[in-house]
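One letter stands for each residue in the lines below.
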Amino acid sequence: MSEQETASTITNPEPAQPIPRHPFFDFDNEHASFIDCIDAIDRVGAMIELCDFLKLDSESEGGLTPKAAFGYYWVSVLTQGTLSYVSDRLRVLNRQQREKHQSKAAYLSALLGALPTLGDVNHDHFLNNTAAQMDITRSDLDQFIHKEKKQ
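Residues numbered from 1 in each chain as written. Predicted model: local features only at pLDDT ≥ 70, side-chain atom pairs only at ≥ 80, totals over all residues. Heavy atoms only, no water.

### Focus on the overall build of the protein
Looking only at helices and strands, the protein features 5 helices and 0 strands. Traced from its N-terminal end to its C-terminal end, the protein shows the element sequence α-α-α-α-α. Considering the protein as a whole, with its 151 residues, one finds that 15% of them fall into the buried category. Put simply, of all contacts in the protein between residues at least 6 apart along the chain, 53% involve residues at least 24 apart. With an accessible surface of roughly 11800 Å², the protein has 55% of that area assigned to carbon and sulfur atoms. (Helix = DSSP H or I, 4+ residues; strand = E, 2+ residues; numbered from the N terminus. Buried < 20%, exposed > 50% of the residue type's maximum accessible area, 1.4 Å probe, protein only. Contact = heavy atoms within 4.5 Å. Areas by Shrake-Rupley, 256 points an atom, 1.4 Å probe, with all protein chains shown as cover.)

The following block contains the structure:
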């Protein structure tokens, strides 16, 4: 074996067995989506309900074997880690969504302020560009403007 192959094997050893998937997450992307987070919360809830039903921490039921206690410990660690990750990820997703809405609100505010000053020729060109910039259809933009003018 060459020195480069040996160094690669030492720094990135292949696991003897495949690493099991995380029991609370099932996503392929680098980061969980909103739906992935909600699904993880549901799975954590089901695991907590199962643990409560089994009375795993009850001394009156004879306690746990050492293996069961070890398993229960790791279920607790996975649950805490999952909820911490989900909380952080939902904060990030919420911030991204808020920034997106603020950006659209800024476009719409500028649009409504500029419309009265435009001539007929520039009016349609401006609205078409604004709709494209906001990634919505022109008819949706026209409906919004009509609704805002009524208010």
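### Side note on the confidence of the model for the protein
Counting all residues, the mean pLDDT for the protein is 77, and 77% of those residues have values of 70 or more. Mean pLDDT across the secondary structure elements of the protein bottoms out at helix 1 (residues 3–11), with 51, and peaks at helix 3 (residues 66–114), with 85. (pLDDT = per-residue confidence, 0-100.)

### Side note on the pattern of salt bridges
Taken as a whole and judged by the stated rule, the model has 4 salt bridges. Arg91 is paired through a salt bridge with Asp88; the nearest N and O atoms lie 2.9 Å apart. Residue Arg91 and its partner Asp88 are both found in helix 3; the two are separated by 3 residues, about one turn of the helix. Look at Arg91 and you get exposed, because its relative accessible area is 53%. Its salt-bridge partner being Arg138, residue Asp142 comes within 3.0 Å of it at the nearest N-O pair. (Salt bridge = Lys/Arg side-chain N within 4 Å of Asp/Glu carboxyl O.)

### Concerning the packing of helix 2 (residues 34–54) against helix 3
At a minimum axis distance of 10 Å, the contact between helix 2 and helix 3 shows a crossing angle of 155°. Put simply, helix 2 runs roughly antiparallel to helix 3. The two elements helix 2 and helix 3 cross, and the hand of that crossing is left-handed. Only Tyr72, Val75, Thr79, Thr82, Leu83, Val86, Arg89, Leu90 and Leu93 of helix 3 make contact with helix 2, whose side of the interface consists of Phe34, Cys37, Ala40, Ile41, Val44, Met47, Ile48 and Cys51. Looking at the contact of helix 2 with helix 3 residue by residue, the classes come out as 14 nonpolar, 2 polar and 1 charged. (Axes fitted to C-alpha atoms, helices over the stretch in contact; angles between N-to-C directions. Parallel < 35°, antiparallel > 145°, perpendicular 65-115°, else oblique. Left-handed = near helix turned anticlockwise from the far one by under 90°. Nonpolar A, V, L, I, M, F, W, Y, C, P; charged D, E, K, R; others polar.)

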